[in-house]
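Here is how the chains run, residue by residue.
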Amino acid sequence: MAALGTTPGGLGTVEARQRLERFGPNTPEAQEKLTALGVFINQFRSPIILILIFATAVSAALRDWIDALIILAIVLGSGVLSFFQEYQANNAVEKLRARVMIKSTVLRDGRPQSISAEEVVPGDVILLSAGSLVPADGVVLEARDLFVNQAVLTGETFPVEKHPGSAPAQAGLARRTNCVFMGTSVHSGSARAVIVHTGAATAFGQIAGRLTLRPPETEFERGIRQFGYLLTELMLLLVLGVFAINAFLRKPILDSLLFSIALAVGLTPQLLPAIININLSKGSHAMAGAGVIVRRLASIENFGSMDVLCTDKTGTLTEGVVHLDAALDVKGQPSDEVFFHAYLNAHFQTGLSNPLDEAILAHAQPEVGGFSKVDEVPYDFVRKRLSVIVQDGERRVLIIKGALSNVLAVCAHARDGRALVPLDHECLARIEDRFAKWSEQGFRVIGVATKPVPPQPVYSREDEHGLAFAGFLLFFDPPKAGVRDTIADLAELGVQLKIITGDNKFVTLHIAQAIGLEVAGVLTGAELDALRDEAVWQVADRTTLFAEVDPNQKERIVRALQKMGHVVGYMGDGINDAPALHTADVGISVDTAVDVAKEAADFVLLERSLAVLHQGILQGRTTFANTLKYVFMATSANFGNMFSMAGASLFLPFLPMLPKQILLINFLTDLPEMSIATDHVDEVFVRRPRRWDIAFIRRFMIVFGVLSSVFDYLAFGVLVLLFQAGPELFRTGWFVESVLSAGLVVFAVRTRLPFTRSRPSKTMLTVAGAVALATLTLPFSPLATPLGFTALPRTYLVTMIAIVGMYFLSAEWAKRLFYHREKA
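The model shown is predicted, which means the values in this text are computed figures rather than measured ones.

Undergrad: Mind laying out the overall build of the protein chain, listing which residues take part and the relevant values?
TA: From N to C terminus, the protein chain includes 28 helices and 23 strands. Per-residue burial over the protein chain gives 55% buried out of 824 residues. Of the contacts formed within the protein chain by residues at least 6 apart in sequence, a portion of 74% connects residues at least 24 apart. For the protein chain, the accessible area works out to roughly 35,700 Å², and carbon and sulfur atoms hold 59% of it.

Undergrad: Describe the pairing of strand E3 (residues 125-129), and please don't skip the residues or the numbers.
TA: Side-chain direction in a regular strand flips from residue to residue, so the side chains alternate between the two faces of the sheet. Where strand E1 (residues 103-108) lies against E3, three bridges are found, and the strand directions are antiparallel. Note that in E3 the partner of Val106 across the bridge is Ile126. For E3 and strand E7 (residues 185-197), the ladder comprises five bridges, and the chain directions are antiparallel. Bridge pairing links Leu127 to Arg192 in E7.

Undergrad: I'd like to hear about the packing of aromatic side chains, residue by residue, with values.
TA: According to the stated counting rule, one finds 22 aromatic pairs in the structure shown. Measuring from centroid to centroid gives 5.4 Å for Phe716 and Phe730, while their planes differ by 35°, and the two rings are tilted. Of this pair, Phe716 sits in helix H24 (residues 694-722) while Phe730 sits in helix H25 (residues 727-749), placing them 14 residues apart in sequence. For the pair formed by Phe716 and Phe730, the shared burial category is buried. Each member of the aromatic cluster is reached from another via a ring pair, and the members are Phe632, Phe696, Phe700, Phe704, Phe818 and Tyr819.

Undergrad: Mind laying out the pairing of strand E15 (residues 419-422), listing which residues take part and the relevant values?
TA: In this structure, strand E14 (residues 411-416) lies alongside E15, joined through four bridges in antiparallel fashion. The residue bridging His413 from the neighbouring strand is Pro422, located in E15. Here E14 folds back onto E15, and the loop between the two strands holds two residues, one of which, Gly417, carries a positive phi near 70°.

Undergrad: Describe the pattern of salt bridges, and please don't skip the residues or the numbers.
TA: Should the charged atoms of two oppositely charged side chains come close, the side chains can pair. This structure, assessed with the given rule, holds 17 salt bridges. Note that Arg385 is salt-bridged to Glu464, the shortest N-O span being 2.9 Å. With Arg385 in strand E12 (residues 385-392) and Glu464 in the loop between strand E16 (444-452) and strand E17 (467-476), this residue pair connects regions lying 79 residues apart in the sequence. Neither residue differs from the other here; Arg385 and Glu464 are each classed as buried. The salt bridge partner of Asp577 is Lys554, with a shortest N-O separation of 3.0 Å. Of the two residues, Asp577 is situated in the loop between strand E21 (568-571) and helix H20 (578-583) and Lys554 in helix H19 (residues 551-563); the sequence distance between them amounts to 23 residues. Here Asp577 falls in the buried class, since its relative accessible area comes to 3%.

Undergrad: Can you break down the nonpolar core residue by residue, with the values?
TA: The biggest cluster of nonpolar side chains holds 73 residues, and the ones touching the most others in it are Phe632, Met657, Trp692, Ile697, Phe730 and Phe735. Counting residues per element, this core draws most heavily on H25, at 12 residues. Apart from residues lying up to four places away in sequence, Phe730 is in contact with Leu652, Phe654, Pro656, Phe716, Leu719, Val720 and Ala725. Grouped together as the second largest cluster of nonpolar side chains are 54 residues, Ile300, Leu561, Ala580 and Ala600 included.

Undergrad: Break down unusual backbone geometry for me, with residues and values.
TA: Residue Asp109 is not a glycine yet carries a positive backbone phi of 55°. As for its placement among the helices and strands, Asp109 is situated in the loop between E1 and strand E2 (111-116). One non-glycine residue, Glu548, lies in positive phi territory at about 60°. Following the sequence through the fold, Glu548 ends up in the loop between strand E20 (545-547) and H19.

Undergrad: With reference to specific residues and values, describe the packing of helix H23 (residues 659-673) against helix H26 (residues 762-777).
TA: For the pair H23 and H26, the least separation of the axes is 8 Å and the interaxial angle reads 160°. Comparing the axis directions of H23 and H26 gives the class roughly antiparallel. Two packed elements cross with a definite hand, and for H23 against H26 that hand is left-handed. Across the interface between the two elements, Leu668, Leu671 and Pro672 from H23 touch Met764, Val767, Ala768, Val771 and Thr775 from H26. Grouping the constituent residues of the contact of H23 with H26 by class yields seven nonpolar, one polar and no charged.

Criteria and thresholds
Residues numbered from 1 in each chain as written. Predicted model: local features only at pLDDT ≥ 70, side-chain atom pairs only at ≥ 80, totals over all residues. Heavy atoms only, no water. Helix = DSSP H or I, 4+ residues; strand = E, 2+ residues; numbered from the N terminus. Buried < 20%, exposed > 50% of the residue type's maximum accessible area, 1.4 Å probe, protein only. Contact = heavy atoms within 4.5 Å. Areas by Shrake-Rupley, 256 points an atom, 1.4 Å probe, with all protein chains shown as cover. Pairing = 2+ DSSP bridges. Phe/Tyr/Trp six-rings, centres within 6.5 Å; stacked < 30°, edge-to-face > 60°. Salt bridge = Lys/Arg side-chain N within 4 Å of Asp/Glu carboxyl O. Core = buried A, V, L, I, M, F, W, Y, C linked by side-chain atoms within 4.5 Å. Axes fitted to C-alpha atoms, helices over the stretch in contact; angles between N-to-C directions. Parallel < 35°, antiparallel > 145°, perpendicular 65-115°, else oblique. Left-handed = near helix turned anticlockwise from the far one by under 90°. Nonpolar A, V, L, I, M, F, W, Y, C, P; charged D, E, K, R; others polar.

So, in structure tokens, the structure goes:
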């Protein structure tokens, strides 16, 4: 404490602020804030853009100033457009993430305060309890049955007990039982610790660079990567071939080089990262409006793909406001004594906060002034019970409450009035009968037991034996209003609901029936343990209710469902949910969850409600749909145009398009695509889960890319055969036809429905209209000459409009045939 310049009461606020400036934020790696300049520079880091800028510099060196300036202006214009969209999107996402920041409880000025984990500094005294994430490395000052899960650092399967003391200076992490480390979590118990190292100086920070910390690649990310590879391979083959052939035909080398690079720009999905980022960030903003905060953007697509949702019942299917309905003795009669002992246990316990204790404390407030707390044995998910030792004068009493079977397991007698009777088979049978009857009525039943204990310095779980069973506590949590309709809505979206709970099967079955959930099967934790993994895969798929399960069994169920090909969502808020949240494709928690659950989740709900989840699923599918629209556009008109242009360069005596004109086409056709995030999505598309299908996209590219090229070559024929077009007229006519066809076909490929039955957004219509108007007026404007354009004959404009119209109608016809065949 002296070396750190701190006290048992922690640091002062001013000193803590100064240390934060000196040591920096408490993050494993120095995280640079993404600045506006950084985002802007990122727009020009693509290798293809850098090559283009280099070629532009070559043009300038050869004193072709006009071409160099035009190409540079188009590249800068495209970069500025992407910058504004991406920078605004990044800012919006950061603001949303700040709403679900991980907190730590520290002593500041001698008082407990909740602060951001990033603000913890050396010398801070932190308070830990079950469910807490350890924010930094520290030494334990006090501990009460503290068990910490530190598998992320040491790989240890089970939680490790921590206690004050010392360890050898050269001890490994696993042997430092007096220390807690950043990134680990408290499994049970409570403690006070002083922070020694923060940020990169922690054990976690020192190995962070060597750890595989990046979350597994989602199916969406994998699909995008494969799509990028596909187009890049096509681009390389096409560009290298075109440049080689044009050079062989003795066309100007510089023009041929710039033409090939410009084709590469037209073919490369350079907007794809920006489009994805904008779509995901706008989607996350819309989901925030629906009460869902996105912690990992790449998981939005998985949210839309989810077809199985696993959830606990408390607070999700029920109101989550638990009421104590009755305190009953062994015979089932109301008992003030049972309630008083339960109240003492709840009043003095300092471990994991839970709604059952809150219900007990809210039920009545008896006078407990004569009692004092001696010790406690905190709740954990193995024992499933909580012990408190209280003193009244010279008398000490150990009071236990917890899951009925776990309480009975440490009892030798039952209390019958003032007398004790043996807890024999007959007595146990009567208790079990009452338990089953109340559970079937929907009551949550827990047990209470007591025994006098002799004075001793410390009490532990070894003292939990030979107790007298006192009676029952009956809690009721009614089904949530409207949950029946929400379950029906989820079923319509193709999402199966499965309940995974630690509660007993009778209560779980009662709730399922009350909310109208069709139950296909019920499986308990004990029955699950008796099955081999292969059997669990089959049984889990056919089971609706999983009751009396522990944290490891929850994770096993999620993995089994994934093995059967499902995209699994898991919704939980407790420390016992963390393993399943990590494993699920979609981890969902709530704003009031323990830190370790929120850290494991991909999404955090501001309200614990399936209705909020329903809206989040729709937003996830909408975001995915709009991302796919860009993919379809990039693989139809854009790909077809560049492919056609490459082919035309082989038989024309001149380049069919100058590099600056190709870049201008690319820039103008990008504008409507930048508005995709605002577009409407057909209701039919969001009715069921969608998954990335690279084979489907490849087929789409072949069909619509070839269709685009057919009409491109028709336009070439009209220009060469009917109008005997020279270089300038050919390039101008082809430029106008190319931009208009690419802009119009967007409205065909953006929907699977006939275009008349699917309304695009006003933004997309406005941008597409403005681009079409600019394209038609450009050849007649003062910019025509520096861009290499000339005025077009009216007869060609009429012919060109007819070709574009036929292309659009053909795309509609091909779309119907394509999707009809895909369904078949």
